[in-house]
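A structural walkthrough
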Amino acid sequence: MPKTRQQNQNSLYLSPVITIVIISILSPLSLAAQPSKFRRAPRFVGKLPHLTEPPQRQQRQQQQQYRYETRYFEQRLDHFSFADLPTFSQRYLINTDHWVGPNRLGPIFLYCGNEGDIEWFAVNSGFVWDIAPRFGAMLVFPEHRYYGESMPYGSTEVAYQNATTLSYLTAEQALADFAVFITNLKQNLSAEASPVVLFGGSYGGMLAAWMRLKYPHIAIGALASSAPILQFEDIVPPETFYNIVSSDFKRESASCFNTIKESWGELVSVGQKENGLLELTKTFHLCR
Ligand SMILES: *[C@@H]1O[C@H](CO)[C@@H](O)[C@H](O)[C@H]1NC(C)=O
Ligand SMILES: *[C@@H]1O[C@H](CO)[C@@H](O)[C@H](O)[C@H]1NC(C)=O
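Criteria and thresholds
- Residues numbered from 1 in each chain as written.
- Chains lettered and ligands numbered in written order.
- Predicted model: local features only at pLDDT ≥ 70, side-chain atom pairs only at ≥ 80, totals over all residues.
- Heavy atoms only, no water.
- Helix = DSSP H or I, 4+ residues; strand = E, 2+ residues; numbered from the N terminus.
- Expected span 1.5 Å × (residues − 1).
- Buried < 20%, exposed > 50% of the residue type's maximum accessible area, 1.4 Å probe, protein only.
- Contact = heavy atoms within 4.5 Å.
- Near = heavy atom within 4 Å.
- Polar contact = N/O pair within 3.5 Å; in protein donor to acceptor, adjacent residues only side chain to side chain.
- Nonpolar A, V, L, I, M, F, W, Y, C, P; charged D, E, K, R; others polar.
- Axes fitted to C-alpha atoms, helices over the stretch in contact; angles between N-to-C directions.
- Left-handed = near helix turned anticlockwise from the far one by under 90°.
- Phe/Tyr/Trp six-rings, centres within 6.5 Å; stacked < 30°, edge-to-face > 60°.
- Lys NZ or Arg CZ within 6 Å of the ring centre and 35° of its normal.
- Pairing = 2+ DSSP bridges.

Side note on helix α9 (residues 203-214)
For an α-helix, the turn length of 3.6 residues means that residues three or four places apart are oriented alike. The first and last C-alpha atoms of α9 sit 16 Å apart over 12 residues, in line with the 16 Å expected at 1.5 Å per residue. Buried residues of α9: Tyr-203, Gly-204, Gly-205, Met-206, Leu-207, Ala-208, Ala-209 and Met-211, and no others. The secondary structure elements touched by the buried residues of α9 are α8 (171-188), β5 (196-201) and β6 (221-225).

Following this line, the structure appears as structure tokens:
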């Protein structure tokens, strides 16, 4: 179907925005979506032009670009019971440089912290920093419970100790954290009437979308970027992700695709030989 002039204009207008989203949000978050927990944040390679500059200048630019205050908010460990449990400190980052204030209904852009240290997500989500001045918006980045400094039970060791201590690490509790946090923050700032817009990528994008479903009165909109909202066993077949990855490789190079595909059979047949697993372990320098 031929595009109308209006549509063309729209797509022209949108393309830089989409690029920013892809560079600033998607790449770090798709890394973050991997199941392993980071001990250290992986290096972000999205901002290539900066890599060639001297480190001091890089740092200065980053500090200027991503200035925020770090604060803490006391949260209930369990939002859904009356049990007498200890509370924990939820860390959040806040920037009000461009906020036009409650009287002019300055919006609150809230990044839904996902599975990692919130500082790392904050300095790798350029999109919200880029658009905040245009909307006169405040930026807040609440950290997800059980990550970064927002650790129940006072330490990671205890928090991750067993199924009981870990039982409060759920998306439902994280959503309730956001809902209580936003409500309280708005009260403190007399900004009850300011609209809240949620942002998030990957799992955080799912949280942003679920916030709109579960707490529609809290936020007027959500941008769920690269969020696998339908990636559940009974909705999307489990092999769908692998099919997409395969077609990515195929699009770049058919021989790359074929070589990788043939390697699976080769690995399986070597693995089935006597001492085959040992051979593979040595060949690929595996840990065990
Ligand atoms: C889990 O760890 C907590 C904190 O150390 C402890 O009090 C509790 O007894 C443990 N529960 C189980 C089932 O091991
Ligand atoms: C709101 O103010 C109270 C009282 O000073 C404080 O305890 C709480 O942490 C503040 N809320 C937020 C979200 O900072």
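Overview of the site of ligand 1
The local shell around ligand 1 consists of Val-158, Gln-161, Asn-162, Thr-164 and Thr-165. The contact in question runs from an oxygen atom of ligand 1 to an N or O atom on the side chain of Gln-161, over 2.4 Å. Between an oxygen atom of ligand 1 and a side-chain N or O atom of Asn-162, the distance comes to 2.4 Å. Residues of the shell around ligand 1, tallied by class, amount to one nonpolar, four polar and no charged.

Details of the side chain of Glu-115
Locating Glu-115 in the fold gives a position in the loop between β3 (108-111) and α4 (118-122). Judged by its relative accessible area of 16%, Glu-115 is buried.

As for the environment of Gly-148
Within the secondary structure layout, Gly-148 lies in the loop between β4 (138-142) and α6 (156-159). Taking the C-alpha atoms as reference points, Gly-148 and Ile-118, separated by 30 residues in sequence, lie 6.7 Å from one another. Beyond its immediate sequence surroundings of up to four residues, Gly-148 is in contact with Arg-91, Gly-116, Asp-117 and Glu-143.

Observations regarding the packing of α8 against α9
Look at α8 against α9: their axes get within 10 Å of each other, and the N-to-C directions meet at 65 degrees. Crossing hand, α8 versus α9: right-handed. Across from Ala-171, Ala-174, Leu-175, Phe-178, Ala-179 and Ile-182 in α8, the residues of α9 making contact are Tyr-203, Leu-207, Trp-210 and Met-211.

A few points about the packing of aromatic side chains
As enumerated under the stated definition, the model contains 12 aromatic pairs in all. Ring geometry for Phe-127 versus Phe-199: centroids 6.3 Å apart, planes at 70 degrees, classification edge-to-face. Of this pair, Phe-127 sits in helix α5 (residues 126-135) while Phe-199 is found in strand β5, placing the two residues 72 residues apart along the sequence. Its relative accessible area of 7% is what places Phe-127 among the buried residues. Phe-199 gets classed as buried once you look at its relative accessible area, which sits at 5%. Consider the rings of Phe-241 and Tyr-242, whose centres lie 5.5 Å apart with planes at 80 degrees: the pair is edge-to-face. Cluster of aromatic residues (ring-pair linked, three or more members): Tyr-66, Tyr-111, Trp-120, Phe-121, Trp-129 and Phe-141. A cation over an aromatic ring shows up here: Lys-250 above the ring of Phe-257, its NZ or CZ 4.6 Å from the ring centre.

Brief notes about the pairing of strand β2 (residues 88-95)
Where burial is concerned, most of β2 is hidden: seven out of the eight residues are buried. In terms of strand pairing, strand β1 (residues 69-75) meets β2 through seven bridges, oriented antiparallel. Its bridge partner being in β2, Phe-73 is matched across the sheet by Gln-90. Here β2 runs beside β4; their pairing, made up of four bridges, is antiparallel. Bridge pairing in β4 links Tyr-92 to Pro-142.

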